[in-house]
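An overview of the molecular structure
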Amino acid sequence: QQLRQEIINSLPEVKGNLIKEIDISYSGFDANSAVTDVQNSGGRIAILAMSKSKVSQAVAIAKANQNNGFPLLLMGGDELYNADILRDGGDAIADIVLAVPWSFSPTDDFPKDALQSWKGRVSWRTATAYDATKALAETVSKNPDRTLVFQELTNGINLSDSTTNFNLFDQVPLVQAVKGNQGPKGSDYQFDPLK
């Protein structure tokens, strides 16, 4: 709901229009007719503002979109940044663009170490949890007083070696599903940063 509302609020800034909103939660949802309706209404982009539990619907939309003559550009949020969509979506999710708080970069030490340790790429959740743990450890090592730790964390901590090197409030990284061998087992796709 939050992503949906942010998109609607941002449309005037990019001179965009909301052409059609489709509720995927009802039992009679049909991805083929949903994609056709959007295309027939003049839509060029489909924003999949859905939760992680709706990956199967996102994949169904992507597959329906792939079978149409003029496919829509598919976009989504961080909830779709997971292995299931890469595995289940196959070629249908090629080029989907997602906005995420962090994205894998093979030149950064953390993702390289995580790739070796976990035998696959880690998500933004792992990276931000890693940073949060480092911030807590650094704060506690300076002063183990609970009140002071809380106060310092509330004020914000600058990490000397953070896995995230951007200001989330100024720019959000975009990733795109592309062919590659560093995705999850059973998938020919991986998410790479979109430059």
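As a reminder, the structure under discussion sits directly above these lines.
Our subject in this report is the structure included herewith. (Residues numbered from 1 in each chain as written. Predicted model: local features only at pLDDT ≥ 70, side-chain atom pairs only at ≥ 80, totals over all residues. Heavy atoms only, no water.)

Attention shifts here to the pairing of strand 1 (residues 45-48). Alternating residues of strand 1 divide into Ala46 and Leu48, all buried, and Ile45 and Ile47, none buried. Of the pairings in the sheet, the one linking strand 1 to strand 2 (residues 73-76) comprises four bridges and is parallel in character. Opposite leucine 48, over in strand 2, you have glycine 76 as the bridge partner. Handedness of the crossover joining strand 1 and strand 2 through helix 3 (residues 55-66) is recorded here as right-handed. (Buried < 20%, exposed > 50% of the residue type's maximum accessible area, 1.4 Å probe, protein only. Helix = DSSP H or I, 4+ residues; strand = E, 2+ residues; numbered from the N terminus. Pairing = 2+ DSSP bridges. Right-handed = clockwise from strand over helix to strand, strands pointing away.)

Attention now goes to a nonpolar patch on the surface. Together, Ile45, Ile47 and Leu73 make up a nonpolar patch on the protein surface, roughly 240 Å² of accessible area in all. Assignment of secondary structure puts leucine 73 in strand 2. (Patch = residues over 30% accessible without salt bridge, like charges linked within 9 Å, V, L, I, M, F, W, Y side chains within 5 Å. Areas by Shrake-Rupley, 256 points an atom, 1.4 Å probe, with all protein chains shown as cover. Salt bridge = Lys/Arg side-chain N within 4 Å of Asp/Glu carboxyl O.)

Take the sheet that holds strand 3 (residues 97-99) next. Here five strands make up an open sheet; going across it, the order is 1-2-3-4-5 and the pairing mixed. What marks the edges here is a single partner per strand, and that holds for strand 1 and strand 5 (189-193). Going from strand to strand, the sheet's axes swing by 30° on average, the running direction of each strand aside. (Axes fitted to C-alpha atoms, helices over the stretch in contact; angles between N-to-C directions.)

The next thing to look at is the side chain of threonine 139. Mapping threonine 139 onto the fold places it in helix 6 (residues 124-142). Take threonine 139: its relative accessible area is 1%, and that puts it in the buried class. Within the structure, threonine 139 has its side chain in polar contact with the backbone oxygen of alanine 135 (distance 2.7 Å). Setting aside its immediate chain neighbours within four residues, threonine 139 contacts Val149, Glu152, Leu153 and Ile157. (Polar contact = N/O pair within 3.5 Å; in protein donor to acceptor, adjacent residues only side chain to side chain. Contact = heavy atoms within 4.5 Å.)

Membership of the largest hydrophobic core comes to 36 residues, with the highest contact counts inside it found for Ile61, Leu80, Ile85, Ile93, Ile96, Leu98 and Phe191. At the level of secondary structure, the elements contributing two or more residues to this core comprise helix 2 (31-40), strand 1, helix 3, helix 4 (83-89), helix 5 (109-118), helix 6, strand 4 (174-179) and strand 5. Counting residues per element, this core draws most heavily on helix 3, which supplies six residues. In this structure phenylalanine 191 touches Leu80, Tyr81, Asn82, Ile85, Leu86, Ile96, Leu98, Arg121, Val175, Gln176 and Ala177, once residues within four positions along its chain are discounted. (Core = buried A, V, L, I, M, F, W, Y, C linked by side-chain atoms within 4.5 Å.)

Moving on to unusual backbone geometry. One non-glycine residue, lysine 15, lies in the positive phi region at around 55°. Of note, the phi angle at aspartate 95 is positive, near 75°, even though the residue is not glycine. One can find aspartate 95 in the loop between helix 4 and strand 3. Among the residues examined, aspartate 95 registers a relative accessible area of 43% and is labelled partly exposed.

What follows covers helix 5. Turning to helix 5, its buried residues number three or more, namely Phe110, Pro111 and Ala114. Along the long axis of helix 5, the arc covered by the buried residues comes to 90°, so they all point the same way. Opposite the buried face of helix 5, by more than 90 degrees, sit the exposed residues Asp109 and Gln116. Residues of helix 5 that are buried in the fold lie against helix 6. At the C-terminal side of helix 5, lysine 119 shows a positive phi close to 60°. (Arc of directions from axis to C-beta.)

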